[in-house]
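Read off the chains here:
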Protein chains: 2
Amino acid sequence: MSDLILDPVKLDRLADVAIQTGLNLQPGQDLIITAPVEALPLVRRITASAYKAGAGLVTPILSDGEISKARFEHARDGSFDSAPDWLYEGMAKAYSNNAARLAIVGEDPMLLAECDPAKVAQAGKANAKAYKPALKKISNFEINWSIVSYPTKAWAMRVFPDLKPQEAVDRLADAIFAASRVDLDDPVAAWADHNATLRDRSDWLNSKRFDALHFTGPGTDLVVGLADDHEWHGGASQAQNGITCNPNIPTEEVFTTPHANRINGRVRATKPLSHQGSLIKDIEMVFKDGRAIEARASQGEAVLQELIKTDEGAARLGEVALVPYQSPISASGLLFFNTLYDENAACHIALGQCYSKCFVGGAALSENEIAQRGGNSSLIHVDWMIGGAETDIDGIMADGTKVPVFRNGNWAE
Amino acid sequence: MSDLILDPVKLDRLADVAIQTGLNLQPGQDLIITAPVEALPLVRRITASAYKAGAGLVTPILSDGEISKARFEHARDGSFDSAPDWLYEGMAKAYSNNAARLAIVGEDPMLLAECDPAKVAQAGKANAKAYKPALKKISNFEINWSIVSYPTKAWAMRVFPDLKPQEAVDRLADAIFAASRVDLDDPVAAWADHNATLRDRSDWLNSKRFDALHFTGPGTDLVVGLADDHEWHGGASQAQNGITCNPNIPTEEVFTTPHANRINGRVRATKPLSHQGSLIKDIEMVFKDGRAIEARASQGEAVLQELIKTDEGAARLGEVALVPYQSPISASGLLFFNTLYDENAACHIALGQCYSKCFVGGAALSENEIAQRGGNSSLIHVDWMIGGAETDIDGIMADGTKVPVFRNGNWAE
């Protein structure tokens, strides 16, 4: 555990942003917080902020990287098929009773890099299966939820390997505070402004009703067909319980659902992907009729191959998201090895499950109706970054007309 | 969080004692560990030891005193009736699936001393209600379970208020290591010897079939009627899942079930009781026909009054236990403000729920059959210490014959 010191004023503001902007927690609402144990200083502040906002009961579920790793080091072969079903079923039940959910991320992005990828993948799949009922309530936006981050020492040392621990944590903390807008005097107001900007972008995309997006860039020539009745979203979002929340702090993306059978071409990742404690570098994939028929990586290819084998939908896309190259997180020039940050610094796509929210009237659609419209289904949802300074994107209308969307990594207009 | 250093060899041995002697964890068995977050160094070692012993999945549930306290400082009036039902129901389900359960204790014994006792009691009662289905599986010994301790800084500073933190933690750690027998080269073998001694004592008591015990000492003149078909236990115990475990590490007691309606006389506590983060000092109670009709304390009397008002059984006894004054923990001369230690340094009684195990054939008895034999029922089970250097105990046979059991605090023979 780290006893490194962080700016208490900004931590307090981050806690308030998490409760007021991220969750918009309502009086009487219960809250479940998941966090790495190193994030305890932030968990404590968020708990206090939640109770001050009238929270019912706050329940933290703290995890520890060393304990996670011990399993892969010491547990018996054949024991990696189990998961804490009882805990995830309980969470799902709490969400059914309108508990809000906050995830604090900040784990070591390479925690399990030395472990057997087959064991990690097997455990990951068992976990995803057990977690699915709870995750569904989140991906269907049944409740207000959010993700924020905390600069743990292990994470900071991956981002700034040449710095001393306190310096590395300070630098990462500064980046988190800036991206989360808590370096401003009134972060909650700043978030309201930012949400308005993202809403303008998604409104424009929704008005266009593109049939597909065509991504080009170094190593990339990819046509991403969009799902029928797809809807773009970004920033604040109203959950089915009526509460408008900001599911990611920070967020710079607008996103929607691609069509599971209409992805064609070649795509090269522009940033490494940290997945289940391993780093996957230089991903290249070829898609045909929605399915990844080739998948390579210069590092972590075994992890990638296990990932897309998870189930039928794991080799198809469930999300496409647009983030300008000049967005603040991208402009920091940092590589975070953390999806919450790296996906908000670059256009990205996600393998796996789609969001029902990204359909017109999505909350009312059955799984079957979502599938009929081209929505993908999977145990996984893994974002990876495909945008950079040279990314161009055209929107393709149903009649074949092309509309510039991105030029040289940024909004065309 | 504390970065204070503890002897890694003895911590490793304590972890092994917890898994091998405390739980006797079986290959393939899942394990749930509850612990204060400061005990993480021990939780990590216990997890590794569990996986090495063939554990299925180890799930730690870490708690934090500051977070617990934040609720009483900031949450709204009227919000103290709720508990994390979903979490406790999940635990009960895991126990039903034969998961073992390890509690690591070491919280600040006075964490909530400054909080409103009514709020703490209300939350405690709601928690006890929600936890009852899970606790029942433990108090009925359906699964193997154990409790061990960890010397947190907050606890150590209560035991040694005049020492510096590292010295206080070292002293408390030494006491814990000695009492847990991990200062010996083969702690697991030492526990086997100790269990044999405790079994001899409980065998003797069972052979006597006393109708009651008569406690005398300073401020104490108490007749504790024993339940019909009561059975004495101590040390290792076979759970209903067939696994023999040591539910307390350390343990020095032999214990059985008193009769809920046959306690008469006056009793004075010989040590303070730490309950729900408050200290209750100099407890004095008068019992009539099993019920506490008077209850006083020089400190924390409000907490005590709330406690015995929890439900009808909360003012009656569910356990009586014998611990000689010369037992090692008592001989340390320390006051631990922690029931796991203080109850193993003195004869004690418990208000509240009885153990079904402490009846002949108890596992097969219904709640009604237990009640008919004089077993008490309650949401609480709170031990407090009534034995000291001057304690005498007579066993009273059904025909009125008296047999010396304790003289001057120790076994009469």
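Residues numbered from 1 in each chain as written. Chains lettered and ligands numbered in written order. Predicted model: local features only at pLDDT ≥ 70, side-chain atom pairs only at ≥ 80, totals over all residues. Heavy atoms only, no water.

Taken together, a rotation about one axis and a shift along it account for how the two chain copies relate. Superposition of chain A onto chain B requires a rotation of 180 degrees combined with a translation of 0.0 Å along the rotation axis, giving an RMSD of 0.0 Å. Here the symmetry operator amounts to a two-fold rotation axis. Most of the interface of chain A is mirrored in chain B, where 100% of its interface residues are also at the interface. (Least-squares fit on C-alpha atoms with pLDDT ≥ 70 in both. Contact = heavy atoms within 4.5 Å.)

At a closest axis distance of 9 Å, the pairing of helix 2 (residues 40-52) of chain A and helix 3 (residues 65-74) of chain B adopts a crossing angle of 20 degrees. By the criterion of interaxial angle, the relationship of helix 2 of chain A to helix 3 of chain B is roughly parallel. Considering how the two elements wind past one another, helix 2 of chain A and helix 3 of chain B form a crossing that is right-handed. Together, L40, V43, R44, T47, A48, Y51 and K52 of chain A of helix 2 of chain A and E66, I67, A70, R71 and H74 of chain B of helix 3 of chain B make up the contact between the two elements. Taken together, the residues of the contact of helix 2 of chain A with helix 3 of chain B sort by class into six nonpolar, two polar and four charged. (Axes fitted to C-alpha atoms, helices over the stretch in contact; angles between N-to-C directions. Helix = DSSP H or I, 4+ residues; strand = E, 2+ residues; numbered from the N terminus. Parallel < 35°, antiparallel > 145°, perpendicular 65-115°, else oblique. Left-handed = near helix turned anticlockwise from the far one by under 90°. Nonpolar A, V, L, I, M, F, W, Y, C, P; charged D, E, K, R; others polar.)

All names here are of chain A. Pairing is antiparallel across the open sheet formed by eight strands, whose spatial order is 15-14-11-6-5-19-20-21. The open sheet has two edge strands, strand 15 (291-296) and strand 21 (410-411), and neither has a second partner. Bridge count between strand 14 (residues 284-288) and strand 15: five bridges; the pairing is antiparallel. In the sheet register, V286 faces strand 15, and the bridge partner there is E294. Along the sheet face, helix 8 (residues 187-208) touches strand 20 (402-407) and strand 21 and points at about 155 degrees away from the line of strand 20. Each of strand 14 and strand 15 is contacted by helix 9 (residues 301-308), which is oriented at about 165 degrees to strand 15, the strand it contacts most. (Pairing = 2+ DSSP bridges.)

Next up on the list: the pattern of salt bridges. All names here are of chain A. Under the counting rule described, the total for this entry stands at 38 salt bridges over all chains. Residue D289 pairs with K288 through a salt bridge whose shortest N-O separation is 3.5 Å. Residue D289 is classed as partly exposed on the basis of its relative accessible area, which comes to 44%. For K288, a relative accessible area of 47% corresponds to the partly exposed category. (Salt bridge = Lys/Arg side-chain N within 4 Å of Asp/Glu carboxyl O. Buried < 20%, exposed > 50% of the residue type's maximum accessible area, 1.4 Å probe, protein only.)

All names here are of chain A. By domain assignment, chain A separates into domain 1 (8-179) and domain 2 (207-236 + 249-411). Contacts between domain 1 and domain 2 engage 36 residues on the former and 27 residues on the latter. At the boundary of domain 1 with domain 2, total buried surface from both sides reaches about 2600 Å², with 66% on carbon and sulfur atoms. By the criterion of area lost to domain 2, the three top residues of domain 1 are P109, S139 and A179, representing 18% of everything that side buries. Summed over the shared surface of domain 1 and domain 2, the result is one salt bridge. For E367, the salt bridge is made with K136, and the minimal N-O distance between the two is 2.4 Å. Across the contact surface, domain 1 and domain 2 share ten residue pairs in polar contact (both at pLDDT 80 or more). Those elements that provide at least two residues to the side of domain 1 that touches domain 2 are helix 1 (8-23), helix 5 (117-139), strand 4 (145-149), helix 6 (153-159) and helix 7 (165-179). (Domains from an automatic or database assignment. Buried area = accessible area lost by both parts, 1.4 Å probe. Polar contact = N/O pair within 3.5 Å; in protein donor to acceptor, adjacent residues only side chain to side chain.)

Next up on the list: the state of the cysteines. As enumerated under the stated definition, the model contains zero disulfides over all chains in all. Residue C358 of chain A stays outside any disulfide, its sulfur separated by 7.9 Å from that of C354 of chain A, the closest cysteine. A relative accessible area of 1% places C358 of chain A in the buried class. Lacking any disulfide linkage, C245 of chain B is separated from the closest cysteine sulfur, that of C358 of chain B, by 13 Å. (Disulfide = S-S within 2.5 Å.)

Moving on: the packing of helix 1 of chain A against helix 2 of chain A. Residues and elements named next belong to chain A. Interaxial distance between helix 1 and helix 2 falls to 8 Å at its minimum, and their mutual angle equals 55 degrees. One finds that helix 1 runs oblique with respect to helix 2. Here the hand of the crossing between helix 1 and helix 2 comes out right-handed. Where helix 1 abuts helix 2, its residues P8, L11, D12, L14, A15, D16, A18 and I19 lie against P41, L42, R45, I46, S49 and A50. Class assignment for the residues of the contact of helix 1 with helix 2 results in ten nonpolar, one polar and three charged.

With that settled, consider the pairing of strand 3 (residues 100-105) of chain A. Residues and elements named next belong to chain A. When you tally the buried positions in strand 3, you get six out of six residues, the bulk of the element. By the alternation rule, side chains of strand 3 split into A100, L102 and I104 and R101, A103 and V105, which are all buried. Pairing between strand 1 (residues 31-36) and strand 3: four bridges, direction parallel. Note on strand 3: the bridge partner recorded for I32 is R101. Of the strand pairs in this sheet, strand 3 and strand 4 are connected by five bridges, and their pairing is parallel. Across the sheet, the residue bridging to R101 is W145, located in strand 4. For the crossover that starts at strand 3, traverses helix 5 and ends in the parallel strand 4, the hand is right-handed. (Right-handed = clockwise from strand over helix to strand, strands pointing away.)

For the rest of this paragraph, the subject is the nonpolar core. In terms of nonpolar packing, the biggest core is built from 124 residues, with L31, I46 and I104 of chain A together with L31, I46 and I104 of chain B touching the most fellow members. In this view, I46 of chain A contacts A15, A18, I19, I33, L102, I104 and V148 of chain A; residues no more than four positions away in its chain are not counted. (Core = buried A, V, L, I, M, F, W, Y, C linked by side-chain atoms within 4.5 Å.)

Moving on, we get to the packing of aromatic side chains. Scanning all chains against the criterion turns up 17 aromatic pairs over all chains. For the ring pair F255 of chain A and Y355 of chain A, a centre distance of 6.0 Å and an interplane angle of 65 degrees mean the geometry is edge-to-face. A residue pair is termed long-range when its members are at least 10 positions apart, and F255 of chain A in strand 10 (residues 254-256) and Y355 of chain A in the loop between strand 17 (348-352) and helix 12 (367-372) qualify at 100 residues. The rings of F141, W145, F255 and Y355 of chain B are connected pair by pair, giving a single aromatic cluster. (Phe/Tyr/Trp six-rings, centres within 6.5 Å; stacked < 30°, edge-to-face > 60°.)

Let us look at the interface of chain A and chain B. Bring the parts together and some accessible area is lost; that lost area is often taken as the interface size. Taken together, the contacts link 39 residues of chain A with 39 residues of chain B. Interface area for chain A against chain B, summed over the two sides, is near 3700 Å², with a carbon-plus-sulfur share of 68%. In this structure, the connection of chain A to chain B is made through four salt bridges. A salt bridge links E89 of chain B to K93 of chain A; its shortest N-O distance comes to 2.5 Å. The tally of links between chain A and chain B comes to four residue pairs in polar contact (both at pLDDT 80 or more). When residues of the side of chain A that touches chain B are traced back to their parent elements, those giving at least two are helix 2, strand 2 (58-63), helix 3 (65-74) and helix 4 (85-96) of chain A. Residues belonging to the side of chain A that touches chain B are distributed by class as follows: 22 nonpolar, eight polar and nine charged.

With that out of the way, let us pick up the side chain of T21 of chain B. With respect to the element layout, T21 of chain B can be found in helix 1 (residues 8-23). Residue T21 of chain B is classed as buried on the basis of its relative accessible area of 8%.

Let us now look at the pairing of strand 19 (residues 392-396) of chain B. Residues and elements named next belong to chain B. Taken across its five residues, strand 19 has four buried, putting it largely inside the fold. Bridge count for strand 5 (residues 212-217) against strand 19 is five bridges, and the pairing is antiparallel. Bridge pairing in strand 19 places A212 opposite I396. Judged from the four bridges that link them, strand 19 and strand 20 (residues 402-407) form a sheet pairing that is antiparallel. Its bridge partner being in strand 20, G395 is matched across the sheet by V403. Hairpin geometry of strand 19 and strand 20 is characterised by an intervening segment of five residues between the two adjacent antiparallel strands and by a positive phi of about 95 degrees at G400.

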